Each structure stands twice: as C-alpha cells, then as structure tokens.
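Listed here are the chains, written in short residue letters.
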Amino acid sequence: MPRFYCPAPLDTGLTLSLPAGAARHVQVLRMQPGDVITLFNGEGGEFNATVTRMGRSDVDVEVGTHHPVEREATRAVHLLAGITANERMDWLVEKATELGVASITPLVAERSVLKLKGERADKKLAHWQGVAVAAAEQCGRNRVPTVHPAVTLIEWLKKASPGERWVLSLSEGTLPLKQMTGNAPVTVLSGPEGGLSPAEDTAALAAGFVPVTLGSRVLRAETAPLAVLAVCSA
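All of the points below concern the structure found in this document. Just so you know, these numbers come straight off a predicted model, no measurement behind them.

Moving on, we come to the packing of helix α2 (residues 87-98) against helix α6 (residues 224-233). Running from amino to carboxyl end, α2 crosses α6 at an angle of 0°, the nearest separation of the two axes being 10 Å. The angle between the axes of α2 and α6 places the two elements in the roughly parallel class. Across from Trp91, Leu92, Lys95 and Ala96 in α2, the residues of α6 making contact are Pro225, Leu226 and Leu229. Residues that form the contact of α2 with α6 fall into these classes: six nonpolar, no polar and one charged.

Written out as structure tokens, the structure reads:
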C-alpha cells in the first residue's frame, strides 16, 4: 500500500487534501477514488485513508483507522556528519533514514568540499529534508528524522546538550564500536572526505567525544556513519 507523509493533524473520519507532493505521487500512480493509501504525520502511528476525489492537481482523501505501529530503532542515534560532495550527501541522508537515524546535522568541516551559506544552504536543507521524507515513506518509518541546518563543529558545541558522544577515528587508542553497548541516545561525529582536521579532532575530544573505530579498513565518508547505524540497530 503506498505510504505518504502528511504533516497535518490526522484523525479518523477527517477529509482533507493531500500535500502537493503526495498528490502528484498519487496521480502518477494513477490511483482512483476508492483506492486505499497509508498516511503518517510524524506524531506516531499511521492511518489508512481512502481516495475520495481526484482533481487535476489535487487529491482528497478520507482518513480511516489509526494503527499505533512504530518502527523506530531501539537506540536514538544523532548524526553530526561532515558534508560530502554532490549526490553522496543525498545518499547518506536517504540510507541513514532507512537505518533509523534520529536526526542529522550536516557538518561544515574544514575539509568539506561543499561549502554552504545563505540561500544555497536553505535550499540544500529543504532538499535533504525532502530526501528524508521520501526515505521514511519508502521504508515504513512513521517518524521523519529532522535534518538540522548545517553548522561548524564549534557552533554545534556551543549549543549542544550533554549526552553520550562518539567520534569515528582511525587514531591509536580508539575503542571498537562493538564495545559501546547500551540504549542511551548518542551523537556520532563523522568527518567529510579527508576526515576531521587536527583542530576539529582536538575540539571533539575536549568536548567529551569518545573515539571509536569500525576496524582497520578506511571507509568512505558516507559509508562510515551508516555502518554505525547498522551496528546500533542490530
């Protein structure tokens, strides 16, 4: 059954018009009045909904039964991920959503190839949030991870709340990820292509990030945080 994110109050018996993106998707699928879809608004669970009207550019549905099903990961993992080049960041956001990430903060690192600010940063943020929405629709999640505005590490540290923190590292003295047990929420810091700079690494350690390793192999910037999510969800 097709699933659509509908960021609006949902209740059984309510009739509403789908958001523009969802309406276009329903039309592309050539659905007809009487067809049933699934709606979720990110507040928990999902609803059956029946298409009641197909307009030229809009679609109306009647909201049906609520199902209090959740498919979230046991451990909330918040990624602070170095911005990677071009479509690789899209891929990271998509796959991280599928693997259950709680939130993603794009990190403007010293070695980031892609530098964002102003209107371009706003457009990228909206685009990445849209990627997360589409991935949640596809994988069955009923909660969409938030993609926060891009920040530098220093900016993030000034506003961050206390909590468990890991930084992915290939340096000596790191702890194997498999030893990091528990279900407490955790922030995972991962660098861009080329890794974190020495200054960023020093700042992270001083702020309480524990250096962890995924093994002796060097993973790509978009692969390493996904490996962490896979381990945590397993």
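The volume enclosed by the largest pocket comes to roughly 530 Å³. If you go around the largest pocket, you meet 27 residues; those closest to its centre are Leu168, Ser169, Leu170, Gly195 and Leu219. Those elements that provide at least two residues to the lining of the largest pocket are β9 (164-168) and β12 (210-213). Looking at side-chain class alone, the lining of the largest pocket contains 11 nonpolar, nine polar and seven charged residues. Its boundaries defined by the atoms lining it, the second largest pocket holds a volume of some 370 Å³. Taken together, 19 residues line the second largest pocket, and the ones lying closest to its centre are His78, Thr105, Trp156, Ser161 and Thr187. Where the lining of the second largest pocket is concerned, the elements lending two or more residues are β6 (77-82), β7 (103-107), α4 (153-159), β9 and β11 (186-190). In terms of residue class, the lining of the second largest pocket is built from eight nonpolar, seven polar and four charged.

Time to look at helix α3 (residues 118-139). Taking 1.5 Å of rise per residue, the 22 residues of α3 would be expected to cover 32 Å, and the 32 Å separating its terminal C-alpha atoms lies within 8% of that figure. Gly140 lies just past α3 and shows a positive phi near 100°.

The next subject is the nonpolar core. Grouped together as the largest cluster of nonpolar side chains are 33 residues, with contacts concentrated most on Leu79, Val93, Ala96, Trp128, Trp166, Val188 and Leu229. Of all the elements in the fold, those that place two or more residues in this core are β6, α2, α3, β9, β11 and α6. Of the residues forming this core, the biggest block, six residues, is contributed by α3. Setting aside its immediate chain neighbours within four residues, Val93 contacts Ile104, Trp128, Val131, Ala132 and Val147.

The rules behind these values
- Residues numbered from 1 in each chain as written.
- Predicted model: local features only at pLDDT ≥ 70, side-chain atom pairs only at ≥ 80, totals over all residues.
- Heavy atoms only, no water.
- Axes fitted to C-alpha atoms, helices over the stretch in contact; angles between N-to-C directions.
- Helix = DSSP H or I, 4+ residues; strand = E, 2+ residues; numbered from the N terminus.
- Parallel < 35°, antiparallel > 145°, perpendicular 65-115°, else oblique.
- Contact = heavy atoms within 4.5 Å.
- Nonpolar A, V, L, I, M, F, W, Y, C, P; charged D, E, K, R; others polar.
- 1 Å grid on protein atoms, 1.4 Å probe; cavity = no way out; pocket = protein on both sides within 12 Å on 5 of 7 lines; lining within 4 Å.
- Points joined across faces, edges and corners; volume = space filled by probe spheres on them.
- Expected span 1.5 Å × (residues − 1).
- Core = buried A, V, L, I, M, F, W, Y, C linked by side-chain atoms within 4.5 Å.
- Buried < 20%, exposed > 50% of the residue type's maximum accessible area, 1.4 Å probe, protein only.

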